[in-house]
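Chain and residue survey
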Amino acid sequence: MADAFVDLRSDTVTRPTPGMREVMATAEVGDDVYGEDPTVNALEAEVAALFGHEAALFAPSGSMANQIALQLLVSPGNELLCDADAHVVTYEIGAAAAYGGISSRTWPAVGADIDPETVAGMIRPDGYFAVPTRAIAVEQTHNRGGGGVIPLATLRELRRVADEAGVALHCDGARIWHAHVADAVPLVEYGQLFDTLSVCLSKGLGAPVGSLVVGSAEKIERARLIRKRMGGGMRQAGILAAAGRYALAHHVDRLAEDHARAARLAEAVAPFGVLAAPVRTNLVPLDLSKHALDARALAAAARAEGVLISVLGPRTARLVTHLDLDDAGVTRAASVLARLLAA
């Protein structure tokens, strides 16, 4: 996208920084399908250690990482529980059913505001020809929940619920780095609560591609087979893994800057009654149900003035701050959006 635009559509639109490009160009590589790419191996070991798990597996995308994890936890014909707006059932085009034979059932969409007792009441045990529940999935931070952060106390309660029912707990942690920065919860503390996690390097951290599945050594060994079956085996992937390692070293703490810029955008649009939820991280959700402009009209008008926003539904839009957005861009976007919403 041309630099003339202030791009607030997603934190996936970032481009590699000069330092990231340098480490990519000089990365030591090998054949990862043979397990011989030293940079991939180093990235996997580093991420596993960050979350206190035994192993991790590099995957081309967050969707693939999620679906590998779900197949590790839920066998065909069994059930996954998650919320109705969860990425794994909203934006992964039915992959759990299509690839894993997994039946999904959801609780009402509440973003990060989850009631563990509601989830507990939904769990189906074996027997009586019902579809048994095998895993619960949560999303940290929550995309359609406006970047909300699930409180640590809630996650601990969900862990208790899962343990008492004998089911697994998965975290779609595409933006878990934001939760870590926003609430100062150590990554290892998050990691110990989940049987598997998926974590993304291209959302927020600025890498061009890549996510990882995190879990036990036994699970990750099985995950390699699933990844290969899904077409995710890569060869000299160290070029990509090097970008991920650079992102982990240089772009985690700076997420606080994205949070501050999102707060500025939220402050600019709040007077017009369109802020859908409190802004905790880098996502600013807009609810236009009571506004004269619908989401497409607002997006079109903003684009005409050089500001790009994401349309999530007829009356739902989203602003996202990221590595390639500076203070000047926020000021420009805030001015444009405030003027359009005031009209």
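Residues numbered from 1 in each chain as written. Predicted model: local features only at pLDDT ≥ 70, side-chain atom pairs only at ≥ 80, totals over all residues. Heavy atoms only, no water.

1. Some remarks on the overall build of the protein
Across its full length, the protein holds 14 helices and 12 strands. Its C-alpha atoms give the protein a radius of gyration of 20 Å, near enough to 20 Å, the size a compact globule of 343 residues would have. Referenced to the eigenvectors of the C-alpha coordinate spread, the extents of the protein come out at roughly 60 × 55 × 35 Å. Counting only residues that meet the buried cut, the protein has 54% of its 343 residues in that class. (Helix = DSSP H or I, 4+ residues; strand = E, 2+ residues; numbered from the N terminus. Rg over C-alpha atoms; globule rule 2.2 N^0.38 Å. Buried < 20%, exposed > 50% of the residue type's maximum accessible area, 1.4 Å probe, protein only.)

2. Focus: the state of the cysteines
Each disulfide is one covalent bond, formed between the sulfur atoms of two cysteines. Tallied over the full model, the rule gives zero disulfides. Lacking any disulfide linkage, C82 is separated from the closest cysteine sulfur, that of C171, by 13 Å. Overall, C171 belongs to the buried group, its relative accessible area being 0%. (Disulfide = S-S within 2.5 Å.)

3. Observations regarding the environment of D183
Tracing the backbone shows D183 in helix α8 (residues 176–183). If near-sequence neighbours (up to four positions away) are discounted, D183 is found in contact with V149 and R280. (Contact = heavy atoms within 4.5 Å.)

4. Considerations on the sheet that holds strand β7 (residues 196–200)
Taken together, the seven strands give an open sheet; going across it, the order is β2-β8-β7-β6-β5-β3-β4, and neighbouring strands pair in mixed fashion. The strands lining the two open edges of the sheet, one partner per strand, are β2 (55–59) and β4 (103–107). Averaged over all pairs of adjacent strands, the angle between their axes in this sheet comes to 20 degrees, without regard to strand direction. Packing against the sheet, helix α2 (residues 38–50) makes contact with β2, β7 and β8 (211–215), and its axis sits at approximately 130 degrees to β2. Contacting β2, β7 and β8, helix α10 (residues 217–229) runs over the sheet at an angle of about 20 degrees to β2. (Pairing = 2+ DSSP bridges. Axes fitted to C-alpha atoms, helices over the stretch in contact; angles between N-to-C directions.)

5. Digging into the environment of L275
Of note, L275 is situated in the loop between α12 (255–269) and β9 (283–287). Classification of L275 as partly exposed rests on a relative accessible area of 30%. For the pair formed by L275 and V131, sequence separation is 144 residues and the distance between their alpha carbons is 39 Å. In this structure, L275 is in contact with A266, V269, A270, V284 and P285, ignoring residues within four places of it in sequence.

6. Quick notes on the pattern of salt bridges
Tallying each qualifying case throughout the model produces 24 salt bridges. Here E44 and R224 are joined by a salt bridge, their closest N and O atoms 3.1 Å apart. A residue pair is termed long-range when its members are at least 10 positions apart, and E44 in helix α2 and R224 in helix α10 qualify at 180 residues. Since its relative accessible area comes to 5%, E44 is described here as buried. For R224, a relative accessible area of 27% translates into the label partly exposed. A salt bridge links R124 to E79; its shortest N-O distance comes to 3.4 Å. Here E79 lies in strand β3 (residues 79–83) and R124 lies in the loop between α6 (116–122) and β5 (133–139), a separation of 45 residues in the sequence. (Salt bridge = Lys/Arg side-chain N within 4 Å of Asp/Glu carboxyl O.)

7. So, the sheet that holds β9
Taken together, the three strands give an open sheet; going across it, the order is β9-β12-β11, and neighbouring strands pair in antiparallel fashion. Every other strand in the sheet has two partners, leaving β9 and β11 (310–313) as the edge strands with one partner each. Neighbour to neighbour, the strand axes of the sheet diverge by 30 degrees on average, direction disregarded. In the sheet, β11 pairs with strand β12 (residues 316–320) via three bridges, with the strands oriented antiparallel. Its bridge partner lying in β12, G313 is registered against T316.

8. Comments concerning the side chain of D11
For D11, the location among the structural elements is in the loop between β1 (6–7) and α1 (18–25). Given a relative accessible area of 0%, D11 falls into the buried group. Polar contacts involving the side chain of D11 include one to the side chain of R175, which spans 2.8 Å. Of note is the side chain of D11, whose polar atom sits 3.0 Å from the side chain of N282. Residues contacting D11, with those up to four places away along its chain left out, are R175, H178, S202, K203, G204, N282, V320, T321 and H322. (Polar contact = N/O pair within 3.5 Å; in protein donor to acceptor, adjacent residues only side chain to side chain.)

9. So, the side chain of T281
Structurally, T281 is set in the loop between α12 and β9. Accessibility expressed as a relative area gives 0% for T281, which makes it buried. Here the side chain of T281 touches G147 through a polar contact of 2.7 Å, landing on its backbone oxygen.

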